[in-house]
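Working through the structure, step by step
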Amino acid sequence: KSHSAAYALVTFQTAYLRCHYPAEFMASMLTSVLTNTDKVVAYIDECANLGIDVLPPSVNESGEKFTVVDGNIRFGLLAIKNLGGGFIKFLIQEREENGPFSSYYSFCKRVCCKEFNRRSLENLIKSGACDCFGLNRKQMLLMIDDILSSLENDKKSKIEGQIGFFDLNATLAQASEPT
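We now examine the packing of helix 2 (residues 22-32) against helix 3 (residues 37-50). The axes of two packed helices give the description: the angle between them and the distance between them. Between helix 2 and helix 3, whose axes approach to 9 Å, the crossing angle comes to 170 degrees. Judged on the interaxial angle alone, helix 3 and helix 2 are roughly antiparallel. Every residue of helix 3 that contacts helix 2 at M26, M29 and L30 is listed here: V40, Y43, I44, E46, C47 and L50. In the contact of helix 2 with helix 3, the residues fall into eight nonpolar, no polar and one charged.

This is how it looks when you write it as structure tokens:
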């Protein structure tokens, strides 16, 4: 009987939260099953049944976990496969300190760190987290090699202490951004 009373209390509290705070409840449920894709899909379907939109991931808006934004749920970056927790924390810290990312190239340049690699960038693009830059996904995927090699060259020249022509003027440096 004592177990029944405890379970009844937990059931009542859970039902209350789901009824009065459905978006927050579903966001926490989605966060609790981040690594289980099948359950994430099932909970997203449940959100649709409750009239709650699950917004796609965004490098400019998403957090690590599922979050509530204006009564809807924003997809968490930790739910994207093959993204490291360290990289996600660095991305969020960079966004909070220096503002939202303005372009695809500036995003790559600003988050270039030891955990940043081709696979993590591809997964961000394929998940739709980079759609806020106004490019289609195929364009971004085709640009990966050029951008990564450009960032690698920039890193090497900074290590060697060389100054490029475009380093002299900030407006000229932005003009050198790949199209």
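Don't stop here, the text continues.
In this section: unusual backbone geometry. Even without glycine at this site, D70 takes up a positive phi of about 50 degrees. Checked against the element boundaries, D70 lands in the loop between strand 2 (67-69) and strand 3 (72-74).

It is worth spelling out the pattern of salt bridges at this point. Per the stated rule, a full pass over the model turns up six salt bridges. Across the pair E94 and R110 runs a salt bridge whose closest N-O atoms are separated by 3.0 Å. Remark: R110 occurs in helix 5 (residues 104-110) and E94 occurs in helix 4 (residues 85-98); sequence separation between them is 16 residues. Take E94: its relative accessible area is 12%, and that puts it in the buried class. Owing to a relative accessible area of 21%, R110 belongs among the partly exposed residues under this scheme.

In this section: the packing of aromatic side chains. Applying the stated criterion across every chain, the model contains five aromatic pairs. A ring pair is formed by F66 and F75, whose centres lie 4.9 Å apart and whose planes are at 70 degrees; its orientation type is edge-to-face. Aromatic side chains F101 and F107 sit 4.9 Å apart centroid to centroid with 85 degrees between the ring planes, which places their arrangement in the edge-to-face category. F107 matches F101 in its accessibility class, with the two residues each being buried.

So, on to the sheet that holds strand 2. What the three strands build is an open sheet, ordered 1-3-2; its pairing is mixed. Each end of this open sheet is capped by a strand with a single partner; those strands are strand 1 (54-55) and strand 2. Contacts from helix 2 reach strand 2 and strand 3 within the one sheet, and its direction differs from that of strand 3 by about 25 degrees.

With that out of the way, let us pick up the confidence of the model for the protein chain. When pLDDT is averaged across the protein chain, the result is 86; 87% of the residues are at 70 or more. Within the model, pLDDT remains below 50 along residues 171-175, and this stretch shows three contacts once partners closer than five positions in the same chain are excluded.

With that out of the way, let us pick up the side chain of E94. Of note is the side chain of E94, whose polar atom sits 2.6 Å from the side chain of N98. With residues up to four places along the chain from it excluded, the contact list for E94 reads G99, F101 and R110.

This paragraph deals with the environment of M140. Examined against the element boundaries, M140 turns out to sit in helix 7 (residues 137-160). By relative accessible area, M140 is classed as buried at 0%. Sequence separation between M140 and I125 is 15 residues, and the spatial gap between their C-alpha atoms is 7.2 Å.

Within the element layout of this structure, F116 appears in the loop between helix 5 and helix 6 (118-127). If we skip the residues at most four places from it in the chain, F116 touches F87, C108, V111, L121, L148 and L151.

Attention shifts here to helix 4. The terminal C-alpha atoms of helix 4 lie 20 Å apart, and with 14 residues this matches the ideal 20 Å at 1.5 Å per residue to within 8%. Where helix 4 is concerned, the buried positions are F87, I88, L91, I92, E94 and R95. Along helix 4, the residues classed as buried sweep out an arc of 160 degrees about the axis, all on the same side. When the buried face of helix 4 is taken as reference, the exposed residues oriented beyond 90 degrees from it are K89, E96 and E97.

Here is what the cut-offs are and how they apply
- The numbering scheme is per chain: residues are counted from 1 as the chain's sequence reads.
- Reporting in this predicted model follows two pLDDT cut-offs: at least 70 for local features of residues, and 80 or more for side-chain atom pairs to be given and counted; totals over whole chains, interfaces and linings ignore these cut-offs and use all residues.
- Where side-chain values are given, they derive from all heavy atoms of the structure, hydrogens and water being excluded.
- Axes here refer to lines fitted to C-alpha atoms; in helices the fit is confined to the stretch in contact. Angles between the N-to-C directions go from 0 to 180 degrees.
- Labels follow the DSSP assignment, with helices taken as runs of H or I lasting at least four residues and strands as runs of E lasting at least two, numbered in each case from the N terminus.
- When an angle is under 35 degrees it counts as roughly parallel; over 145 it counts as roughly antiparallel; between 65 and 115 it counts as roughly perpendicular; any other value is oblique.
- Between two residues, a contact is recorded if the distance between any of their heavy atoms is within 4.5 Å.
- Classification convention: Asp, Glu, Lys, Arg as charged; Ala, Val, Leu, Ile, Met, Phe, Trp, Tyr, Cys, Pro as nonpolar; all other residues, Gly among them, as polar.
- By definition, a salt bridge exists where a carboxyl oxygen of Asp or Glu is found within 4 Å of a side-chain nitrogen of Lys or Arg.
- Relative accessibility under 20% of the residue-type maximum defines a buried residue, over 50% an exposed one, and the middle range a partly exposed one, all with a 1.4 Å probe and only protein chains included.
- The pairing test for Phe, Tyr and Trp rings, Trp by its six-membered ring, is centres within 6.5 Å, and the orientation test on the planes gives stacked under 30 degrees, edge-to-face over 60, and tilted for anything in between.
- By the convention used here, strands pair only if DSSP detects at least 2 bridges between them.
- Per-residue confidence from the predictor is reported as pLDDT, a score between 0 and 100.
- Polar contact is defined as a pair of N or O atoms within 3.5 Å, subject to the rule that within protein one atom must be able to donate a hydrogen and the other to accept it, and that residues adjacent in sequence are counted only when both atoms are side-chain atoms.
- What a helix should span is 1.5 Å times the count of its residues minus one.
- What the arc describes is the spread of directions from the helix axis to the C-beta atoms.

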